[in-house]
Each structure stands twice: as C-alpha cells, then as structure tokens.
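Residue strings, one per chain:
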Amino acid sequence: QVQLVESGGGLVQPGGSLRLSCATSGVNFSIYAMGWYRQAPGKQRELVAIITNGGTTNLADSVKGRFIITRENARNTVYLQMNSLKPEDTAVYYCNVKDTFLRNFWGQGTQVTVSS
C-alpha cells in the first residue's frame with residue numbers, strides 16, 4: 001500500500017521560511033513526478049510545484065522566486081523549501097506522486113499558517 005507522509009508544516013510569521021518533506025513507502029511502481037499542491041479554505045486545490053524524474057520543475061507563478069522543490073530519487077522523497085512566506089500561502093499542503101500512467105497518490109496534508 002502506497003503511503004505518503006508529509007512533515008514540516010506549522011505557524012510562521014510573514015517573511016519567514018518553512019521546509020516541507022514528503023516521505024513515501026510502498027512504492028512499487030515507476031514514478032513520473034512528485035510534487036506539492038495546496039488548498040486554502042473555500043478554494044480549490046492548486047498546484048504549487050512539481051518535479052519530474054528527469055529533474056524538470058514547474059512552479060506556480062505565485063511562488064516562483066520564493067519556493068524551491070527538490071527530490072531524492074533514490075529515496076522517493078520530495079521537499080519544498082518555502083521562503084518569504086506570505087499570509088496568502090496559508091493552506092493545507094498535500095504531497096502528490098504521479099506514476100507513469102499519471103495516476104495520482106496523495107498524502108494526508110500538512111497545515112501551513114502564515115500569520116503575525
């Protein structure tokens with residue numbers, strides 16, 4: 001059974017930083033990409049950042065220049081370094097894995113709150 005476990009969320013002041021981690025287990029298939037989505041109250045889930053097996057990244061315009069996504073292929077682990085956080089970054093952040101058939105697997109989510 002595939003499991004994705006996020007960690008690193010919490011409360012941070014505007015301008016601060018957080019680093020999210022997503023550890024996987026039970027992955028017995030080829031991964032195409034790993035990434036992060038977020039969902040704020042009353043809003044739809046949206047893509048934050050994604051990184052493919054080949055290292056190609058795609059970040060939402062709202063986080064470009066502030067967030068960095070990295071990945072350890074050997075451990076099927078993905079990270080999201082979030083800098084210069086803004087109140088509008090407040091959301092539940094979900095880890096996502098896509099296999100080569102583009103099926104999606106999700107973590108349980110971790111809360112990120114940016115507030116003074």
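One can find the structure itself at the top, above this paragraph.
Summary of the structure given here. Remember, predicted model here, so these are calculated numbers, not experimental data.

**Focus: the overall build of the protein**
Phase 1 of the analysis: Counting its regular elements, the protein contains 0 helices and 11 strands.
Phase 2 of the analysis: From first element to last, N terminus to C terminus, the protein shows the α and β order β-β-β-β-β-β-β-β-β-β-β.
Phase 3 of the analysis: Over its C-alpha trace the protein gives a radius of gyration of 13 Å, about what one expects of a compact globule, namely 13 Å for 116 residues.
Phase 4 of the analysis: Once the C-alpha set of the protein is aligned to its principal axes, its extents read approximately 45 × 25 × 25 Å.
Phase 5 of the analysis: Here the protein holds 116 residues, and 42% of them are scored as buried.

**Thoughts on the sheet that holds strand E8 (residues 77-82)**
Phase 1 of the analysis: Read across the sheet, 4 strands follow the order E1-E3-E8-E7 without closing on themselves; strand pairing throughout is antiparallel. The open sheet has two edge strands with one neighbour each: strand E1 (3-7) and strand E7 (67-72). Neighbouring strand axes in the sheet, compared pairwise and without regard to direction, differ in orientation by 15 degrees on average.
Phase 2 of the analysis: Taken together, the 6 bridges between E7 and E8 define a ladder with antiparallel strand orientation. From the neighbouring strand, Glu72 faces E8, where its bridge partner is Thr77.

**Observations regarding the state of the cysteines**
Phase 1 of the analysis: Per the counting criterion, the structure on display carries 1 disulfide.
Phase 2 of the analysis: Paired through a disulfide, Cys22 and Cys95 show a sulfur-sulfur distance of 2.0 Å. In this structure the cystine formed by Cys22 and Cys95 twists about its S-S bond by roughly -85 degrees; its chirality is therefore left-handed. Pair noted here: Cys22 is in strand E3 (residues 18-25) and Cys95 is in strand E9 (residues 91-99), with a separation of 73 residues, a long-range link.
Phase 3 of the analysis: For Cys95, a relative accessible area of 0% gives the class buried.

Rules used in this analysis
Residues numbered from 1 in each chain as written. Predicted model: local features only at pLDDT ≥ 70, side-chain atom pairs only at ≥ 80, totals over all residues. Heavy atoms only, no water. Helix = DSSP H or I, 4+ residues; strand = E, 2+ residues; numbered from the N terminus. Rg over C-alpha atoms; globule rule 2.2 N^0.38 Å. Buried < 20%, exposed > 50% of the residue type's maximum accessible area, 1.4 Å probe, protein only. Pairing = 2+ DSSP bridges. Axes fitted to C-alpha atoms, helices over the stretch in contact; angles between N-to-C directions. Disulfide = S-S within 2.5 Å.

This is a description of form; function is not addressed.
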